[in-house]
Amino acid sequence: MSQSAFPADFLFGSATSAYQIEGAAAEDGRTPSIWDTFCHTPGKVLGGDTGDVAVDHYHRWRDDVELMADLNLNAYRFSISWSRVQPTGRGPAVQRGLDFYRSLVDALLEKGITPWITLYHWDLPQELEDAGGWPERATAERFAEYASLVADALGDRVERWTTLNEPWCSAYLGYGSGVHAPGRTDHTAVLRAAHHLNLAHGLGVQALRAALPGRAQIGISLNPAAVRALTDDPDDLNAKRRIDALANRIFDGPMLRGVYDEDLIQDTSRLTDWSFVKDGDLANIQQPLDALGINYYTPTLVSASADRKLPRRDGHGGGEQSPWPASEDIAFHQTPGETTDMGWTIDPTGLHDLLMRYHRETGGIPLYITENGMACADKPSPDGTVHDPERIAYLHSHLQTVQRAIADGADVRGYFLWSLLDNFEWAYGYSKRFGAVYVDFETQARTPKSSALWYAQVARTGVLQEPDAVREPVAD
């Protein structure tokens, strides 16, 4: 294998999520999720945007699968809309909802594209939130039932499964800072939600194992923080330790080691006694995994600070309240360097740090980059093409980092570019474009950007192309 080549069986994919692309918010039995409610609450989403239509993938999925095939993708990671297949979060599945995913999966398989299902990407059925949401144990139990329904429907044709996407965001942004649905601001609820998301993962893995053939591969996608201290001062290093506990070890501790670390419990003791962790929970959470997904965008830089009025530059949006429980005396800083349209510093060394960390800590679980990409202020040229050389440079540097991690011994088996399409970017509405494919939100026309065509060459050859090695994009 030459220095620039990836392993022969390396997966080159792209990723999306249901609420961000599907639209058809009230069709075929689908009922509101927390994101439908959040978007229709004035002032919650930039410009009053909603995912009611999004990029209309529900009706345009055939064309989108053709796009994936044209871009040489050999894997596609997408999420299931819980309220599309189980509208109340309880009871039997709606077959019309499942039929949509059956058809999508069949089309992917016909094109030689591996379907990779994520069961939960933040869109909890509103009825379950009304009953208490993720801070309540019952939600984890409902998730396991939902996992069984989807596995029964699709397990004969899908082998790659992810339980949750970024439970940190669900807990901390949904229940802490309130910048994500359901928009609550309760730091105690954050910790309860984190535990019940962990429990949902564990119970979900058990449900999938019971329903799926033995060849199925099951994992989770985390967004671990590459936490760095501003200085070597002991107080700054302690701030790093505390944020590492809240960002990373609160999830990978129980999932990989069957424990909540004592320093995490002590750091948050003024908020909760953790009595919501019941006997048997940790054993249920620590389930054998076939894959660990890592979503990475930018490092996290922290220091100790007594000034509680410093701007919080943690990359997780505004909001008057910090998402971080028991961390009022910790400051978050912008890391130096060039930034994306999200204001996130471009620094692939953080990805290398995380890959090597989880290589050491997982005991050999295969690693996948299940999200990585950048937002750019993309605009079509007068001839209709969309040039995004900065995204090509970003992807090149991060794929180069993946190669370096593999050379250093990490078992990295795939990379999923975020995202396939420009789409609804949560609280930012349609103002941020992460897609490799440009979407005109008025006409829904799709146009592969330069980065899509560059990535297609990498996927076709398995060789990391130089950033300027791309043919001209063609408007759709």
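Residues take numbers from 1 onward in each chain, read along the sequence in its written order. Where totals are concerned, whole chains, interfaces and linings use all residues; where local detail is concerned, this predicted model gives features only for residues with pLDDT of at least 70, and gives and counts side-chain atom pairs only at 80 or more. Side-chain metrics rest on all non-hydrogen atoms present in the structure, leaving aside hydrogens and water.

**Q** Kindly report on the packing of aromatic side chains, identifying the contributing residues and their values.
**A** Working definition: a ring pair exists when centres of Phe, Tyr or Trp rings (six-membered ring for Trp) sit within 6.5 Å. Plane angles under 30 degrees give stacked, over 60 give edge-to-face, the rest tilted. Throughout the structure, instances matching the rule amount to 35 aromatic pairs. Judged by centre distance (6.4 Å) and plane angle (35 degrees), the rings of Tyr 19 and Trp 35 are tilted. Here Trp 35 lies in helix 2 (residues 34-39) and Tyr 19 lies in helix 1 (residues 18-21), a separation of 16 residues in the sequence. What makes Trp 35 buried here is its relative accessible area of 0%. Starting at the N terminus, helices and strands are each numbered in turn, a helix being any DSSP run of H or I of at least four residues and a strand any DSSP run of E of at least two. Accessible area is worked out with a 1.4 Å probe on protein chains only. A residue is then buried under 20% of its type maximum, exposed over 50%, and partly exposed in between.

**Q** Tell me about the pairing of strand 2 (residues 75-79), and name the residues and values.
**A** Burial of strand 2 is extensive: 5 of the 5 residues sit out of reach of the surface. Along strand 2, one buried face is formed by Ala 75, Arg 77 and Ser 79 and the opposite face, lined by Tyr 76 and Phe 78, is buried too. Relative to strand 2, strand 1 (residues 11-15) is paired through 3 bridges, and the arrangement is parallel. Paired with Ala 15 across the strands is Arg 77, a residue of strand 2. In this analysis, strands are considered paired if DSSP registers two or more bridges between them. In this sheet, strand 3 (residues 114-120) lies alongside strand 2 in parallel orientation, the contact comprising 5 bridges. In the sheet register, Phe 78 faces strand 3, and the bridge partner there is Ile 117.

**Q** Residue-level account of the sheet that holds strand 8 (residues 300-304), with values.
**A** With mixed pairing, the 3 strands of this open sheet are ordered in space as 6-8-9. Bordering the open sheet on either side are strand 6 (227-229) and strand 9 (330-333), each of which pairs with just one other strand. Ignoring strand direction, the axes of neighbouring strands in this sheet form an average angle of 35 degrees. The sheet contact formed by strand 8 and strand 9 spans 4 bridges and is antiparallel. Bridging across to strand 9, Leu 301 finds its partner in His 333. Lines fitted to C-alpha atoms define the axes here, with helix axes fitted over just the stretch in contact, and angles between the N-to-C directions of these axes take values from 0 to 180 degrees.

**Q** I'd like to hear about the packing of helix 9 (residues 187-211) against helix 10 (residues 234-257), residue by residue, with values.
**A** One can describe the packing of helix 9 onto helix 10 by two numbers: an axis separation of 10 Å at closest approach and a directional angle of 35 degrees. Note that helix 9 runs across helix 10; the crossing there is right-handed. On the side of helix 9, the interface is formed by Leu 191, Ala 194, Asn 198 and His 201, while helix 10 contributes Leu 246, Ile 250, Phe 251, Pro 254 and Met 255. Class assignment of the residues belonging to the contact of helix 9 with helix 10 gives a composition of 7 nonpolar, 2 polar and no charged. Throughout, a crossing is termed right-handed when the near helix is turned clockwise from the far one, and left-handed when it is turned anticlockwise from it by less than a right angle. Contacts are assigned to residue pairs with any non-hydrogen atoms lying within 4.5 Å of each other. Side-chain classes follow a simple rule in which Ala, Val, Leu, Ile, Met, Phe, Trp, Tyr, Cys and Pro form the nonpolar group, Asp, Glu, Lys and Arg form the charged group, and the remainder, Gly included, forms the polar group.

**Q** Give a description of the side chain of Ser 221 that names residues and reports values.
**A** With respect to the element layout, Ser 221 can be found in strand 5 (residues 217-222). Nitrogen and oxygen atoms within 3.5 Å of one another constitute a polar contact, given that in protein one can donate a hydrogen and the other can accept it, and given that sequence-neighbouring residues count only through two side-chain atoms. Among the polar contacts listed, one links the side chain of Ser 221 to the side chain of Arg 77, at a separation of 3.4 Å. A polar contact of 2.9 Å, which involves the side chain of Ser 221, links it to the side chain of Thr 370. Among all residues touching Ser 221, those that are not within four sequence positions of it are Arg 77, Thr 162, Leu 164, Asn 165, Glu 166, Pro 167, Gly 293, Asn 295 and Thr 370.

**Q** Pulling in residues and values, what's your account of the UniProt feature "active site" (unreviewed entry) in the chain?
**A** In this numbering, the UniProt entry assigns the feature "active site" (unreviewed entry) to Glu 371. Note on placement: Glu 371 falls in strand 10 (residues 367-372). In this structure Glu 371 comes out as buried when scored by relative accessible area, which is 4%. Not counting the four nearest positions on each side in its chain, Glu 371 is found in contact with Arg 77, His 121, Asn 165, Glu 166, Ile 294, Asn 295, Tyr 296, Tyr 297, Phe 416 and Trp 418. UniProt positions are given in the numbering used here, feature names are shortened, and annotations may be inferred rather than shown by experiment.

**Q** So, the nonpolar core: which residues are in play, and what are the values?
**A** Residues Trp 35, Trp 134 and Trp 161 are the most contacted members of the largest nonpolar core, which totals 152 residues. For this core, the leading source of residues is helix 9, giving 12 residues. Throughout, nonpolar core names a set of buried Ala, Val, Leu, Ile, Met, Phe, Trp, Tyr and Cys residues whose side chains join them through atoms within 4.5 Å.

**Q** I'd like to hear about the pattern of salt bridges, residue by residue, with values.
**A** Salt bridges are defined as contacts in which a side-chain nitrogen from Lys or Arg sits within 4 Å of a carboxyl oxygen from Asp or Glu. Within this structure, the stated rule accounts for 35 salt bridges. Residue Glu 136 is joined to Arg 192 by a salt bridge in which the shortest nitrogen-to-oxygen separation is 3.9 Å. Of this pair, Glu 136 sits in the loop between helix 6 (126-130) and helix 7 (137-154) while Arg 192 sits in helix 9, and the two are 56 residues apart along the sequence. Arg 391 is the salt-bridge partner of Asp 388, the closest N and O atoms lying 2.6 Å from each other.

**Q** Can you tell me about helix 3 (residues 57-70), naming the residues and giving the values?
**A** Since one α-helical turn is 3.6 residues long, residues separated by three or four positions face the same way. Helix span, as expected, comes to 1.5 Å for every residue beyond the first. Between its first and last C-alpha atoms helix 3 spans 17 Å; for 14 residues at 1.5 Å apiece the expected length is 20 Å, and the helix comes up short by more than 12%. Two axes are fitted around each residue, one to the seven residues ending there and one to the seven starting there, and the angle between them is reported as the bend at that residue. Roughly 40 degrees is the biggest bend found in helix 3, and it falls at Asp 63. Among the residues making up helix 3, those that are buried are His 57, Tyr 58, Trp 61, Asp 64, Val 65, Leu 67 and Met 68. Among the structural elements, helix 1, strand 2, helix 4 (82-85), helix 5 (95-110), strand 12 (437-439) and strand 13 (446-448) are those in contact with the buried residues of helix 3.

**Q** Tell me about the packing of helix 3 against helix 5, residues and numbers included.
**A** Running from amino to carboxyl end, helix 3 crosses helix 5 at an angle of 10 degrees, the nearest separation of the two axes being 10 Å. One element, helix 3, and the other, helix 5, form an angle in the roughly parallel class. Crossing handedness for the pair helix 3 and helix 5: right-handed. Residues His 57, Tyr 58, Trp 61, Val 65 and Met 68 of helix 3 touch helix 5, and the partners they reach there are Arg 96, Phe 100, Ser 103, Leu 104, Ala 107 and Leu 108. When its residues are assigned to classes, the contact of helix 3 with helix 5 shows 8 nonpolar, 2 polar and 1 charged. Note on angle classes: values under 35 degrees are labelled roughly parallel, values over 145 roughly antiparallel, values of 65 to 115 roughly perpendicular, and the remainder oblique.

**Q** Give a detailed account of the side chain of Glu 425, specifying residues and quantitative values.
**A** When you line up the elements, Glu 425 lands in the loop between strand 11 (412-418) and strand 12. Although buried, Glu 425 forms no salt bridge, and the nearest oppositely charged side chain, Lys 432, lies 9.7 Å from it. Excluding residues within four positions of it along the chain, Glu 425 makes contact with Gln 20, Trp 418, Lys 432 and Phe 434. Charge convention: Lys and Arg are scored as positive, Asp and Glu as negative, and His as well as the terminal groups of each chain are ignored.

**Q** Go over the sheet that holds strand 10 with me, naming the residues and quoting the values.
**A** Here 8 strands make up a closed barrel; going around it, the order is 1-2-3-4-5-7-10-11 and the pairing parallel. Put simply, the sheet's adjacent strands are angled 25 degrees from each other on average, direction ignored. Strand contacts of helix 7: strand 3 and strand 4 (160-165), with the helix running at about 160 degrees to strand 3, the strand carrying the most contacts. Packed on one face of the sheet, helix 13 (residues 349-361) meets strand 7 (291-295), strand 10 and strand 11 and runs near 150 degrees to strand 10.

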